[in-house]
Amino acid sequence: MSEGYEKLKARFQNGEIIILDGGIGSEMLRRGVTWEGHKVESEPAAIRAIHADYIRAGADVISTNTFQLARRSYMNHFADAEHMKRIGAADLSRRAPLLIGEGVKRVLEARDQVGRRDVLVAGAMTTLDWCFRPDVAPSLEEMHAEYRETVQAFKDAGADLMLFETFNSSKEARTALEAAREAGIPAWVSFVCDWQGKLLNGETVPQTREGLAGVEPDVLLFNCAPVPDITLALGELSRELRKRPGPRMGGYAHVGRFDPPDWMFTDEYPPAQYLSACREWVSLGAQVLGGCCGTTPMHIEALKKGLPRTLPV
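Residues numbered from 1 in each chain as written. Predicted model: local features only at pLDDT ≥ 70, side-chain atom pairs only at ≥ 80, totals over all residues. Heavy atoms only, no water.

What's the story with the pairing of strand 7 (residues 248-252) in this structure? I'm lost.
Among the 5 residues of strand 7, 4 are classified as buried, and the element is accordingly described as predominantly covered. The pairing of strand 6 (residues 219-223) with strand 7 spans 5 bridges and is parallel. Counterpart to phenylalanine 222 in the pairing with strand 7 is glycine 251. Regarding the hand of the β-α-β motif, the stretch spanning strand 6, helix 10 (residues 227-243) and strand 7 is right-handed. In this structure, strand 7 lies alongside strand 10 (residues 286-289), joined through 3 bridges in parallel fashion. If you follow glycine 251 over to strand 10, its bridge partner there is leucine 289. (Buried < 20%, exposed > 50% of the residue type's maximum accessible area, 1.4 Å probe, protein only. Helix = DSSP H or I, 4+ residues; strand = E, 2+ residues; numbered from the N terminus. Pairing = 2+ DSSP bridges. Right-handed = clockwise from strand over helix to strand, strands pointing away.)

In this structure, what is going on with the sheet that holds strand 3 (residues 120-125)? I would like to understand it.
Note: strands within a sheet are paired through backbone hydrogen bonds, in either parallel or antiparallel orientation. Strands sit in the order 1-10-7-6-5-4-3-2 across an open sheet of 8 strands; the sheet is parallel. Every interior strand has two partners, whereas the edge strands, strand 1 (18-19) and strand 2 (61-63), have only one. Across 3 bridges, the pairing between strand 5 (residues 187-191) and strand 6 is parallel. In the strand pairing of strand 6, valine 189 is matched with leucine 220. Relative to strand 3, helix 6 (residues 92-114) is tilted by about 155°, and along the sheet it contacts strand 2 and strand 3. (Contact = heavy atoms within 4.5 Å. Axes fitted to C-alpha atoms, helices over the stretch in contact; angles between N-to-C directions.)

Explanation requested: the side chain of threonine 295 in the structure shown.
Checked against the element boundaries, threonine 295 lands in the loop between strand 10 and helix 12 (297-306). Judged by its relative accessible area of 0%, threonine 295 falls in the buried class. Of note is the side chain of threonine 295, whose polar atom sits 2.6 Å from the backbone oxygen of cysteine 292. Residues within four places of threonine 295 in sequence aside, it is in contact with Gly22, Gly23, Ser26, Glu27, Tyr54, Ala253, Val255 and Tyr274. (Polar contact = N/O pair within 3.5 Å; in protein donor to acceptor, adjacent residues only side chain to side chain.)

Right under this line is the structure:
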């Protein structure tokens, strides 16, 4: 565990609010850079600038631009490994860990550029297959092997923690957490919820916690859903944690609409209105707040300036 993460845990103990960054892929689009291919290697200045702006806005933890960056992301374009080898680019089988390293490096560079060495690097990783489709998850055997490989790549690159985000089942989250524990790196898990406060596979909050028994993360969050859905899920989690204490809780909603393969920006939640929603989440006990798709450095700056420094007693 890094020294920085030890200090973050002390801040948790003091009841301090921890600020995450906001959307990265959608912010790239907003700045005229397409998200496809992640661009951590081909557009380093653009990615570094986004991370730096979030650090200047006040984020305590910056996530890497590595969403859906795993070996399977490339394999899914082909019939099988032999087909990929025959018609795919020569480096596809080893591209993911190399780009993960570049993704971590962009955050480290931005941190040095701004002069905020206290900011932590979260290795951002979503489900191995499409995050909104729990029905297409790979087998447990495949999960174990692929999470071990990918988590180790983040650790080797210098990430302070893993942020498993937009997960849709406790089964896959458990597998990811086991891989992080095996690699010796702290981990947080964030689930995508529906309009009923459940995971996309139908699990309730109590069922989700039961599925994570013995490997619960330091922080349990909800993300990549509209503000009202996150509010409902956090309310369920707050009630559950009052019955049976456990992880810290948090959330980061998206603002706008998904217009595959890109993001559609709307004016539903400007920074001041998003801050108001996050204040409600703090009142429920949320200690880690940030933004998902569509949010900007301005949203994060509003949270940094407008949220209380600590949880209400």
